[in-house]
Amino acid sequence: MTEALLAYVHISAVLGWVVFASSQAALCRPDWFNAAVLRRLRRLDAILWTATALLLLTGLARTVWGARGAAWYWSNSLLHLKLTLFVAVIALMAGPTRRLARWQAALDAGGALPGTGDIRALRWRVMLTTHLVALIPLAAVFLARGYGH
């Protein structure tokens, strides 16, 4: 029962991450950008970081309390590939988070919104991150089937 519940929460976190990252990408359009969109992006970013933490915690819990045991998971190169991709995603996520905070500070200070190029650059970074995340489940399905040892 523990394995099934951990898998459920882990997969739910993955789906949540994809939904909120996709929502961010959808909102990052120069034609639509205004103060309300910036507030929504900041809210989505906070939710995205929560989903990221939940994803990490449930993934680690699965390696400890999962059916195959910690030794099996941690000796598998595909787990290390997943973790490397995950760290890369986190590193890529940090840039947009800082950029959104700067934009919010500029808006609060004087009502300035970012330019078209800045908005497009943020969207590109969010899209890159989201596409990189799509590789993690590929490694996961092979890991689940015993490849990587």
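Residues numbered from 1 in each chain as written. Predicted model: local features only at pLDDT ≥ 70, side-chain atom pairs only at ≥ 80, totals over all residues. Heavy atoms only, no water.

A word on the overall build of the protein chain
In step 1: When helices and strands are counted, the protein chain shows six helices and zero strands.
In step 2: Seen through its C-alpha atoms, the protein chain measures out along the principal axes to roughly 55 × 25 × 20 Å.
In step 3: Expressed as a percentage of its 149 residues, the buried residues of the protein chain come to 36%.
In step 4: Within the protein chain, contacts between residues at least 6 apart in sequence are counted, and of these 78% link residues at least 24 apart.
In step 5: Carbon together with sulfur atoms contributes 68% to the accessible area of the protein chain, which is approximately 8300 Å² in total.
In step 6: Put simply, the protein chain has 15 plus and 5 minus side-chain charges, and the middle of one group is 5 Å from the middle of the other. (Helix = DSSP H or I, 4+ residues; strand = E, 2+ residues; numbered from the N terminus. Buried < 20%, exposed > 50% of the residue type's maximum accessible area, 1.4 Å probe, protein only. Contact = heavy atoms within 4.5 Å. Areas by Shrake-Rupley, 256 points an atom, 1.4 Å probe, with all protein chains shown as cover. Lys, Arg positive; Asp, Glu negative; His and termini not counted. Charge placed at Lys NZ, Arg CZ, Asp CG, Glu CD.)

Description of the environment of Trp65
In step 1: Along the polypeptide, Trp65 turns up in helix 2 (residues 35-65).
In step 2: Leaving out residues up to four positions away in the same chain, Trp65 has contacts with Thr2 and Leu6.

Regarding the side chain of Thr129
In step 1: If you trace the backbone, Thr129 turns up in helix 5 (residues 116-133).
In step 2: Given a relative accessible area of 4%, Thr129 falls into the buried group.
In step 3: The residues touching Thr129, leaving out its near neighbours within four places in the chain, are Trp17, Val89, Leu92 and Met93.

Remarks on the pattern of salt bridges
In step 1: All chains considered together, the criterion is met by one salt bridge.
In step 2: The partner of Glu3 in a salt bridge is Arg62, with the nearest N and O atoms 3.0 Å apart. Note that Glu3 is positioned in helix 1 (residues 2-27) and Arg62 in helix 2, a separation of 59 residues in sequence.
In step 3: Judged by its relative accessible area of 24%, Glu3 is partly exposed. (Salt bridge = Lys/Arg side-chain N within 4 Å of Asp/Glu carboxyl O.)

Observations concerning helix 2
In step 1: Along its 31 residues, helix 2 runs 45 Å from first to last C-alpha, staying within 8% of the 45 Å computed at 1.5 Å per residue.
In step 2: Two to three positions downstream of the cap, the backbone nitrogen of Ala36 sits 2.9 Å from a side-chain oxygen, assigning the N-cap of helix 2 to Asn34. (Expected span 1.5 Å × (residues − 1). Polar contact = N/O pair within 3.5 Å; in protein donor to acceptor, adjacent residues only side chain to side chain.)

Focus on the confidence of the model for the protein chain
In step 1: Averaged over all residues, the pLDDT of the protein chain equals 93, while 100% of them reach at least 70.
In step 2: Considering each helix and strand of the protein chain separately, the mean pLDDT is smallest for helix 3 (residues 70-74), with a value of 89, and largest for helix 4 (residues 77-110), with 96. (pLDDT = per-residue confidence, 0-100.)

Focus: a nonpolar patch on the surface
In step 1: A grouping of Leu135, Leu138, Val141, Phe142 and Tyr147 is seen on the molecular surface, where their side chains present a nonpolar patch of about 470 Å² in accessible area.
In step 2: Turning to its location among the elements, Leu135 is positioned in helix 6 (residues 135-144). (Patch = residues over 30% accessible without salt bridge, like charges linked within 9 Å, V, L, I, M, F, W, Y side chains within 5 Å.)

Side note on the packing of aromatic side chains
In step 1: Tallied over the full model, the rule gives three aromatic pairs.
In step 2: Centroid distance Phe33 to Trp103: 5.6 Å. Interplanar angle 90°. Geometry classified as edge-to-face. Of the two residues, Phe33 is situated in the loop between helix 1 and helix 2 and Trp103 in helix 4; the sequence distance between them amounts to 70 residues.
In step 3: By relative accessible area, Phe33 is classed as buried at 10%.
In step 4: By relative accessible area, Trp103 is classed as buried at 9%.
In step 5: Ring plane angle 75° and centroid distance 5.4 Å describe the contact between Phe142 and Tyr147, whose orientation is recorded as edge-to-face.
In step 6: A cation over a ring is seen here: Arg68 above Trp72, with NZ or CZ 4.3 Å from the ring centre. (Phe/Tyr/Trp six-rings, centres within 6.5 Å; stacked < 30°, edge-to-face > 60°. Lys NZ or Arg CZ within 6 Å of the ring centre and 35° of its normal.)

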